[in-house]
Amino acid sequence: MSFDLLILMMFAGAFLAYLISKSNSEAGGISTVVISLISLVLLLLGKSQVGNEFAILYMTFKVTTIGWYFSAVMILVYSMTSFFNSYWMKQMLYPNAYNFLYLFSLAGTVGLFFAADLVTLFIFWEMVVWSSTFIVPLGKSRRAAVVYYTISSIGSMATLYAIMLLHAKSGTFIISEAFAWLATDPTMATIVFFIFILAGLTKIGIFPFHIWLPLAHGSAPHTFSPVLSGGLVKMGAFIAYMSVGVLPAYQAFSGSLKIMGMPIQIYLLMVLGAISIVLGTLMAIKQDDAKKLIAYSSVANGGYILIGILMMDQLSCAGSLMHLFNHAIASAAAFLTIAVVAHRTGTTKISELGGMIHRMPVTFTVYLISIISLAGIPPMGGFVSKWLIIQGLADKGLLFMALAAFFGSIGSFLYVFRPLAAVFLGQLAPKNYELEGATLMMKIPMVILSALIIFFGVFPRYILEVIGEIQSSIGITPIQLEGNAIQAINGLLNSYHVFVIFGFGFLISLAIFMLLQKSRKVGLMDTFTSAEFIHTPELYHYSHDFYAPFERLYKNHPSVENFLVNIANKFDELGQMVNALFFSHKPSITVFWITVVTAIIYLGGARI
Amino acid sequence: MMNPVLLIAIPLLLAFLSIILKHYKSQLLLLGSAVNMILIFGLQKGEYIIGGFKPPFGINLVLDDYAFISILVVNGLFLVINLMSFDKIDKLGTVLLVSLAGLNGMLLTGDLFNLFVFLEITSITAYILSSVSKKYQYSFNYLVLGTLGSGLYLFGLIILYSVFGSLNMADISKQMATANLNQMLIPTFLIFVGLAVEAKILPFNGWVKGVYGNANSLVGPLFASAYAGTMLFVFGRVFVQVLMVSSYLKVTLIIIGAVTLLAGEAAALSKTRIREILLYSSIGQSGLVVALFLSGLVFPAVLQIFNNIFSKAVMFTIGGKMADDTGTDEADELQGAFLKNKLAGLSFTVAAFSLIGLPLFYGFYSKINLLLGIFSLNNFWLPVVILLGTIIEGVYFIRLLVKLWTPGEEGHISTEEYATKFTIKIELAKVIGVVFLSAILIIAGILPGMVRNNLTESGQLLNEESPSYMFDLEGGI
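Residues numbered from 1 in each chain as written. Chains lettered and ligands numbered in written order. Predicted model: local features only at pLDDT ≥ 70, side-chain atom pairs only at ≥ 80, totals over all residues. Heavy atoms only, no water.

Trainee: I'm lost on the overall build of chain A in this one. Help?
Mentor: The secondary structure content of chain A amounts to 24 helices and 7 strands. The C-alpha atoms of chain A give 26 Å as radius of gyration, which agrees with the globular expectation for 608 residues (25 Å, within 12%). Each principal axis of the C-alpha atoms in chain A carries an extent, and together these give about 100 × 65 × 55 Å. In chain A, buried positions account for 61% of the 608 residues. Long-range pairs, those at least 24 residues apart, make up 78% of the contacts in chain A between residues at least 6 apart in sequence. In the structure as shown, chain A presents an accessible area of about 22600 Å², 67% of it carried by carbon and sulfur atoms. Side chains of chain A carry 31 positive and 25 negative charges; the gap between the two charge centres is 5 Å. (Helix = DSSP H or I, 4+ residues; strand = E, 2+ residues; numbered from the N terminus. Rg over C-alpha atoms; globule rule 2.2 N^0.38 Å. Buried < 20%, exposed > 50% of the residue type's maximum accessible area, 1.4 Å probe, protein only. Contact = heavy atoms within 4.5 Å. Areas by Shrake-Rupley, 256 points an atom, 1.4 Å probe, with all protein chains shown as cover. Lys, Arg positive; Asp, Glu negative; His and termini not counted. Charge placed at Lys NZ, Arg CZ, Asp CG, Glu CD.)

So, in C-alpha cells, the structure goes:
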C-alpha cells in the first residue's frame, strides 16, 4: 500500500476508533490496537517505497529512509502501548476523544516524518502538538498540559519563523532545496540553524526546555506516558537530524570558530546536550515518583541522542540513531510496567510500594530488561548505542562530552536501581498481599518489547544496516559491519559474543543462588525499636529517602524552572499593567491617552 | 440588477415598520437580514450614484470586491447571530435593524462624510445595545469615548475638506497622491484616532472592557464579529485606498498596532473570566489587522479579519450564554462546563484553534499568508511580535480549554465530580449556529483554495501590491 493511502487510512482510523468507542469504549480501546498494528505492518512492508513522492491536498511528501525509520519507531511504540488502552477507558473522562486523539497524533507523526516541504512539516508538527496536548489533562495535572503546550509552542513558533525566513531568502519551501541554499550563506545558516532546531530541543527536552517532561510524562494518563517518552520525544530528534544532516551544517559552518575541532554553533548545542545528561541523571536520582524518574531519565537520554546526532559522523550518529530506537522501546517498556503497577495498586510513589516481584514476576522481568538497556549495560540494545556514541566522542577528543556521557551512564545505575529495589524487590506491603499481576493483554506488548530489547542488543546489525543507508543518503560514511560485529576505531564489537559471555555469567550466578541457603523473610514493618511504639513505620522503611546521603550533595541546586516561571509571571504582570494603565471605567483616562499620543505624533511630525 | 442602496434602505424601512408593528419586531429583523442576504447575491459590482449628483459633488456607493466580500460576511454573521440568539432580541429589533443599515452603509459608501454619518448611526445603536447589560456606567463610558472618537474623525475630515475641497473617497485619494504628506499628518492621525476608538486600538479603547466584558449572548458576538469586522474593513478602506500615510506616521501607527497586539495578548493572559479573555484577544487581533493594513498587506489582513470574526462569533455566543445561564463567566467556576455541552464545546475549541492558527483550521492558512506577506516586505521584526503574540494566545486559550473540558484538582485524575455545579443549557439554535460557523473554519482550513478563489476572482483587493500567497492543488505552494 502506498504511503499516501497509509497516512489517510491512519487518519480515517482515528475517526473510526472514535465511532467505535462511542458505542463501546473498551472496543474502541481494542480498535486502537488493531489500527496501529495494521499501520505498523503496512509501514514495515513498504520499505521498498523509499524515494516515492506523493501529495495530499496542498501538502507534499517524500518517502525517505530516515522518515521510514522514525515512523517505524513511532508506530511500534504506539501500537505496543495501545494494548493497555482498553484497561484505562473507565478512568478516562473522554474515552472516545482519547482513542481519537491517540491515533490522530500517531497519524500526524507519520505525516511529519515523510514531509517534503517545510509547511507540511510544520502542519503535522502542530497537529501532533495540539492532539497530544489534550490527552495530557485527562491524567493527574491540568497545569502539565499548559506547560507542555507552552514549551512546545515556543519551539514550534521559532521553527515557523525560521521556515518563513528561509523561504523569504531562498524562495522555496522544498526542504532539500531550501536547506541546500544555506550552504553558501554561513550567517543565514547560523540564524536558521539555531531558530529551526528550537522545536527539536523543546521536544527532546533539552535543558532549559526540559521542565515539561517530568510534568507531562509524570502526570499524563498511564497509557500515554510511554508514548510521550518513547515516541513523541523522538520527533525532536528528527528535527535535530534535519538541522544538522539535511541542512548542510558542517559545510556552512566550515569557516566559523572551532572549539575542540567542532564549529562553535554545533559545540554550543552539544554543551546543552551534555548539561541535559548530567541534569537529567541527577534529578532522576532524586525522584520518589517512578514516572517522574523515568521522565528525567528521558531528559538524560535525550542529551545522548542530541549529542550523537550533532556529531553527524560515522560512529556517534549511528549510535544516536540506534539509541533513539533503544530508548524508545526501553522507556516505553519501563513506563508500561509502572502502568501495570499503577493499575493494580493505584499509586506510582516508589516509597509506597515494594515487593511487586512476588505478585507480578513478568512485569518485574520486563522492567529489569528495560532498565538494563536504559542504563546501557550489555547485552541489551542500550549498551551498543551508548558504546557507539562514546566511541565517536572519544575519537574526536571531545573530552567534556565524553565525561558527561560517562557520568550519565554511571548515574543511570543509581536511578534505575531505585524503582527496582523499592518497587519490585523488598517486602510486599500487607495491603498488597492479594494483588493480581498483569493480564495477558498487558503481557503481550511488554514481552514483545523486552524481546526486541534483547534481540537488537545481540544482533544490532539489523538496525545498523538501516542506519547505514540513512548515513549514505546524506553523504557520510556508513557504519561498517562484519557479520554481527561492528567495526569501530579501537576494534570490533561483537555483541553476540558479549551476550554469550554474559549468559554464562548469568548461569553461574543462578547456580550459586539455587545452591546456597535461602535468606529468611521478614515482614515489611518488622522494625527493631527497643520496645518503643512506632506510629509511622513507613519512615523507617529502607525505600524511604532512598538516596538521601547522595541527594544531600546537591540539595541546594539552582533551578531553571523558577527562572521560566518568573518569565511567565512577567508576562502576566505586563498584562495587569496594560489593564491598569489603559482599561479603567473612567472615560477621562482614555481621553488623557488620546491627548498624549496626539501630542507625541504632533511633536514628532513637527521635526520632519 | 439590484442596487446596493437597498441593503441600507430595506433595514431602515423595516425599522420604521417595526415601530408600528410592535409585536413583530424580531420577525421583522430576521426578515430584514434574510432579505439582505438574498439581495447580496443579486448585486453587480460597480459604482452607484445616489440622488442624481455626480461624484465628487454627490454621494456614491462603491461595490468592489472588497466591499462585496465584507458585506457578504458581515450580513451573513449578522443573520446567523440573530438566529442563534433569537430569544434575546425581544425589544431590540428596531435598534438592530438600524444598526444593520448603518453597518452596510459604512461598508458601501464612497464618501468620507457619509461614512461619518453611518458611523454615528452605528455607534448610537451600539450604545443602546451595550446598555442591555444594565451596566449603565460602562455604556456611558462608551458613549463619551465613541462621541469623542467620531468628533475627532470629523475634525480630521474638515481639515481634509478645507485642503482638497472634496469629501469623495476616490477624489481625495487622487489629490492625496500629489499632496505633501507631512502636512497631512494631523488630519490623517485624527481620522486614525476616530476609527481606532471603534476598532479597539490601544490606547483609545478604554470602553471595551466594560462593554464586551458584560455583553450577553446576542450583543457579545454582534460586537465582536459584525461590528468589529465592519470597523476593521472600514479602517482598511480608509487607510489603504483613500489616505496616503507618510512614512513617519506609518511606522508609528504600525508600532501602535504591534503594541496593541502584544499588550492585548498579555492582558488576556492575566485574566480568568472567559469574556475578558475573549475581549482582550479581540483587541490584540485588531492591533494585528491594523498593522497589516498599514503595511499594505490587504489580502492577509482580510483573511485575518475573517478568522477573528468567525471565531469570536462562536466564542462570544458560548461565553455569553454561559454567563447568561450562571451569572458568572469565571473559568474556575465553570470547570468542565463542556462535559454536558460537547458539541458547543467542540465548536468553541475549533474557534480557539483557528484563532491561534493551528493547522487544519482556517486560521493557519491566514497566519501563513500574513507571515509570507510581512517577510516579503523584508520586515523581520513584526513576525517576531506576531509569533510571540501567537504563543501567548495559545497559552491562555489552551489553559481555558483545558479548564472547560477537564475539571479536576492537581494531582488527581480528572473526573466528573470536579465539574461545575451550574447547569448550562445551550439551546439547539445556538448549537446549530456555532457548529455551522466552526464547520466553515474547518472546511476553509482543509481546502483553502476555495477561500482564495472566492476572494480574488477579479484580481487583487484594493491595491495591486498586496501579495496573496496561496497553496492549492495545482501549483503547490
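Trainee: Where do I start with the overall build of chain B in this structure?
Mentor: In terms of regular secondary structure, chain B is built from 19 helices and 2 strands. For 477 residues, the compact-globule formula gives about 23 Å, and the C-alpha radius of gyration of chain B, at 21 Å, lands near that figure. Reported as C-alpha extents along the three principal axes, the dimensions of chain B are approximately 70 × 60 × 45 Å. When each of the 477 residues of chain B is scored for burial, the buried share is 66%. Taken as a whole, chain B presents about 15700 Å² of accessible surface, with 65% of it coming from carbon and sulfur.

Trainee: Explain the domain arrangement of chain A to me, please; I cannot follow it from the model alone.
Mentor: It is common to give the size of an interface as the accessible area that goes away when the parts come together. Once the domains are mapped, chain A shows domain 1 (1–116), domain 2 (117–505) and domain 3 (560–607). Measuring from the centre of the C-alpha atoms in domain 2 of chain A to the corresponding centre in domain 3 of chain A gives 44 Å. (Domains from an automatic or database assignment.)

Trainee: Looking at this model, I keep getting lost on the nonpolar core. Mind explaining?
Mentor: The tendency in soluble globular proteins is for nonpolar side chains to be buried side by side. Counting 404 residues, the largest nonpolar core has Y69 of chain A together with F192 and F239 of chain B as its most contacted members. The biggest single contributor to this core is helix 15 (residues 315–345) of chain A, with 19 residues. Excluding its chain neighbours within four sequence positions, the residues that come into contact with Y69 of chain A are L321, M322, L324, F325, I463, V466, I467 and I470 of chain A. (Core = buried A, V, L, I, M, F, W, Y, C linked by side-chain atoms within 4.5 Å.)

Trainee: What is the right way to read a positive patch on the surface from this model?
Mentor: A surface patch of like charges, here positive, comprises K22 of chain A together with K340, K342 and K421 of chain B. Examined against the element boundaries, K342 of chain B turns out to sit in helix 15 (residues 342–356). (Patch = residues over 30% accessible without salt bridge, like charges linked within 9 Å, V, L, I, M, F, W, Y side chains within 5 Å. Salt bridge = Lys/Arg side-chain N within 4 Å of Asp/Glu carboxyl O.)

Trainee: Looking at this model, I keep getting lost on the side chain of S219 of chain A. Mind explaining?
Mentor: Residue and element names in this part refer to chain A. Inspection of the secondary structure puts S219 in helix 10 (residues 212–219). Owing to a relative accessible area of 9%, S219 belongs among the buried residues under this scheme. A polar atom in the side chain of S219 sits 2.4 Å from the backbone oxygen of L215. Leave out the neighbours within four places in its chain, and S219 touches V136, G139, K140, S141, A144 and P214. (Polar contact = N/O pair within 3.5 Å; in protein donor to acceptor, adjacent residues only side chain to side chain.)

Trainee: Honestly, the packing of aromatic side chains in this entry has me stumped. Any pointers?
Mentor: Aromatic ring pairs are described here by two measures, namely the spacing of the ring centres and the angle between the planes. Taken as a whole, this structure holds 61 aromatic pairs over all chains when the rule is applied. Aromatic pair F104 of chain A and W130 of chain A: ring centres 5.2 Å apart, planes at 35°, arrangement tilted. On the criterion of sequence distance, the pair formed by F104 of chain A in helix 5 (residues 95–113) and W130 of chain A in helix 6 (residues 118–133) is long-range, its members being 26 residues apart. Exposure class is identical for F104 of chain A and W130 of chain A. Each is buried. Following the ring pairs from residue to residue traces out a cluster consisting of F11, F15, Y18, F54, F61, F100, F104, F124, W130 and F134 of chain A together with F353 and F361 of chain B. Positioned above the aromatic ring of W68 of chain A is the side chain of K47 of chain A, whose terminal nitrogen or guanidinium carbon lies 5.2 Å from the ring centre. Cation over ring: K203 of chain A sits above W125 of chain A, and NZ or CZ is 5.8 Å from the ring centre. (Phe/Tyr/Trp six-rings, centres within 6.5 Å; stacked < 30°, edge-to-face > 60°. Lys NZ or Arg CZ within 6 Å of the ring centre and 35° of its normal.)

Trainee: Mind showing me how you'd approach the interface of chain A and chain B here?
Mentor: Contact residues are listed per partner, giving 62 residues for chain A and 80 residues for chain B. In total, about 6400 Å² of surface goes out of reach between chain A and chain B, with carbon and sulfur atoms giving 78% of it. Area buried by chain A at its contact with chain B is led by Y58, F583 and H585 of chain A, which between them contribute 13% of it. Counting only elements with at least two residues in the side of chain A that touches chain B, the list comes to helix 6, helix 7 (142–170), helix 23 (560–582) and helix 24 (587–607) of chain A. With 16 residues, the single largest contributor to the side of chain A that touches chain B is helix 7 of chain A. A class-by-class count of the residues in the side of chain A that touches chain B yields 38 nonpolar, 16 polar and 8 charged. (Buried area = accessible area lost by both parts, 1.4 Å probe. Nonpolar A, V, L, I, M, F, W, Y, C, P; charged D, E, K, R; others polar.)

Trainee: When you look at the side chain of T120 of chain A in this model, what are you seeing that I'm missing?
Mentor: Residue and element names in this part refer to chain A. The topology assignment puts T120 in helix 6. Judged by relative accessible area, which is 1%, T120 ranks as buried. With residues near it in sequence (within four places) discarded, T120 still touches M59, T60, F61 and A115.

Trainee: I'm lost on helix 16 (residues 361–375) of chain A in this one. Help?
Mentor: Because an α-helix completes one turn every 3.6 residues, residues spaced three or four positions apart along the sequence face the same direction. Residue and element names in this part refer to chain A. Taking 1.5 Å of rise per residue, the 15 residues of helix 16 would be expected to cover 21 Å, and the 21 Å separating its terminal C-alpha atoms lies within 8% of that figure. Along helix 16, the residues that are buried comprise T363, F364, V366, Y367, I369, S370, I371, S373, L374 and A375. If you follow the buried residues of helix 16, they end up packed against helix 14 (290–311), helix 15, helix 17 (381–396), helix 18 (399–424) and helix 19 (440–458). Taken from the residues just after helix 16, G376 is the one with a positive phi, measuring 75°. (Expected span 1.5 Å × (residues − 1).)

Trainee: Quick question: what am I supposed to make of the confidence of the model for chain B here?
Mentor: Predicted coordinates in regions of low pLDDT should not be interpreted in detail. All names here are of chain B. Taken as a whole, chain B shows an average pLDDT of 85; of its residues, 94% reach a score of 70 or greater. Counting interchain partners and residues more than four positions distant, the pLDDT-below-50 stretch residues 463–477 has 45 contacts. The ipTM, which scores confidence in the relative placement of chains, is 0.91 for this predicted complex, and the corresponding pTM is 0.92. (pLDDT = per-residue confidence, 0-100.)

Trainee: What is the right way to look at the environment of L118 of chain A in this model?
Mentor: Residue and element names in this part refer to chain A. Within the secondary structure layout, L118 lies in helix 6. Given the relative accessible area of 1%, L118 is considered buried. As a C-alpha pair, L118 and S519 span 401 residues in sequence and 62 Å in three-dimensional space.

Trainee: How should the pattern of salt bridges be read in this particular structure?
Mentor: Should their charged atoms come close, side chains of opposite charge can pair. Residue and element names in this part refer to chain A. Under the criterion given, the structure shown has 16 salt bridges over all chains. Ionic pairing is found between E469 and K47, a salt bridge with its closest N-O pair at 3.2 Å. Pair noted here: E469 is in helix 20 (residues 461–473) and K47 is in the loop between helix 2 (25–45) and strand 1 (53–56), with a separation of 422 residues, a long-range link. With relative accessibility at 38%, the residue E469 sits in the partly exposed group.

Trainee: What am I meant to see in unusual backbone geometry here?
Mentor: Leaving glycine out, the prevailing phi sign among residues is negative, and the prevailing peptide bond configuration is trans. A cis geometry characterises the amide bond from F207 of chain A onward to P208 of chain A, with omega recorded as 0°. The residue P208 of chain A is located in the loop between helix 9 (186–204) and helix 10 in this model. Look at the link from L202 of chain B to P203 of chain B: it is a cis peptide, with omega at -5°. Of note, P203 of chain B is situated in the loop between helix 9 (185–199) and helix 10 (208–213). One non-glycine residue, M260 of chain A, lies in the positive phi region at around 50°.

Trainee: Teacher, can you tell me more about the sheet that holds strand 7 (residues 491–494) of chain A here?
Mentor: To summarise the sheet geometry, strands pair through backbone hydrogen bonds and adopt either a parallel or an antiparallel arrangement. All names here are of chain A. Strand order in the open sheet made by the 3 strands is 5-6-7, with antiparallel pairing throughout. Strands at the two margins of the open sheet, each flanked by one partner only, are strand 5 (480–482) and strand 7. For this sheet, the mean angle separating the axes of adjacent strands, direction not counted, is 35°. Bridging between strand 5 and strand 6 (residues 485–488) involves 3 bridges; their strand directions are antiparallel. Considered in strand 6, the bridge of E482 is made with A485. (Pairing = 2+ DSSP bridges. Axes fitted to C-alpha atoms, helices over the stretch in contact; angles between N-to-C directions.)

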